[in-house]
Amino acid sequence: MTNNVFLLENLPNEIIIELFKYLKARDLFQAFYNLNSRFNYLIQPLTHLTYSTNKNDNCTLSYPYIYTLIINTKIENKLKCFPNLHRIILDYVTDDLISQLNNHILPNLEYLSISHTVSPFYMPDLRAIIFSNTFPNLKYCYISRMTPPYTSREWTQSLSLRFLKVNDIDSSIYISILLACPNLYFLKFKLPIKSKIQSNIVLHTSLKRLIINMHYDEWPWDDSILEDYLLCVPNLEQFRICRSISIDLNAMDYFQYYDWLSKIISRHLLVLDRFTFDLRVKRPSGLIESISKSTDSTLKTFIY
């Protein structure tokens, strides 16, 4: 029997790239970088390469090709070492880091996530950076804290932002977001209190998908609060609302006649294609169950 020697180099590029995706950036560069020009060519455009600041990873060879950076410890004047960054996950922030968050150091940034572990002290400045077009290629953003909303730096506009997820907001922050992000396509937020829009209605025609989490358990519901929120976004195509309720006899009687927002939607969302109502039911036993009601297309029939 002859011994066949298998060489990794004999594999096609597509398979080698798939194999590379299973390796961490440090291991990949230590094993394959600068072995030959072909491997270098395949490694450089990879988009899965991630670096975390708490790993004590000093493989500087990988820095120029890191696509995602997770910042969870102090990083001093180091962002400029990662010129290819497209994604940043912020779990830890310092004054020095704030000064590095600019388009000159991060010209390719497309995704930014700000964790709840970040000190509230830095949140106003971070929001001002995001909503003032500091990163002209930023398309996706998650912000864990939207309060306190005040900052010495006013928001201008973020023209590139298309997908935004935020936690607790009120009506004034909602209006500020719509004004600051004229090209926003998707918005998800939590409305923890009954916050009615007091200012003039802002018309935002670009938003197509909206998710509102109203998991506060105040009874009875006041659906009129939602009316002005929906008035601002007449071109919605998909709308989801999440609510919760503790079951008792009064609630059961109420739901016999509840219209599941059908009247408000019919008045204000004329091009809506899909509506989903997620209801979290808290029973006296403590058991929590979820009920989802949805409609498609013309919204003429609700599924209960």
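Naming follows an unreviewed UniProt entry, where the protein appears as F-box domain-containing protein of Rotaria sordida.

Engineer: Could you give an account of the nonpolar core, with specific residues and numbers?
Structural biologist: Formed by 90 residues in total, the largest nonpolar core has its most connected members in Leu 90, Tyr 174 and Phe 239. In this structure Phe 239 touches Leu 210, Ile 212, Leu 230, Leu 261, Ile 265, Leu 269, Leu 272, Arg 274, Phe 275 and Thr 276, once residues within four positions along its chain are discounted.

Engineer: Before we move on, could you go through the pairing of strand S8 (residues 209-214) and cite the residues and values that matter?
Structural biologist: Counting buried positions over the 6 residues of S8 gives 5, a clear majority of the element. Relative to strand S9 (residues 238-246), S8 is paired through 6 bridges, and the arrangement is parallel. Note on S9: the bridge partner recorded for Arg 209 is Gln 238.

Engineer: Got a sec to walk through the pattern of salt bridges? Specific residues and values, please.
Structural biologist: This model, assessed by the stated rule, comprises 5 salt bridges. A salt bridge links Asp 27 to Arg 26; its shortest N-O distance comes to 3.6 Å. On the accessibility criterion, Asp 27 (31% relative accessible area) is partly exposed. Among the residues examined, Arg 26 registers a relative accessible area of 34% and is labelled partly exposed. A salt bridge links Arg 240 to Asp 278; its shortest N-O distance comes to 2.3 Å. Of this pair, Arg 240 sits in strand S9 while Asp 278 sits in strand S10 (residues 274-282), and the two are 38 residues apart along the sequence. Classification of Asp 278 by relative accessible area gives buried; the value is 18%.

Rules of the game
- Residues numbered from 1 in each chain as written.
- Predicted model: local features only at pLDDT ≥ 70, side-chain atom pairs only at ≥ 80, totals over all residues.
- Heavy atoms only, no water.
- Core = buried A, V, L, I, M, F, W, Y, C linked by side-chain atoms within 4.5 Å.
- Buried < 20%, exposed > 50% of the residue type's maximum accessible area, 1.4 Å probe, protein only.
- Contact = heavy atoms within 4.5 Å.
- Helix = DSSP H or I, 4+ residues; strand = E, 2+ residues; numbered from the N terminus.
- Pairing = 2+ DSSP bridges.
- Salt bridge = Lys/Arg side-chain N within 4 Å of Asp/Glu carboxyl O.

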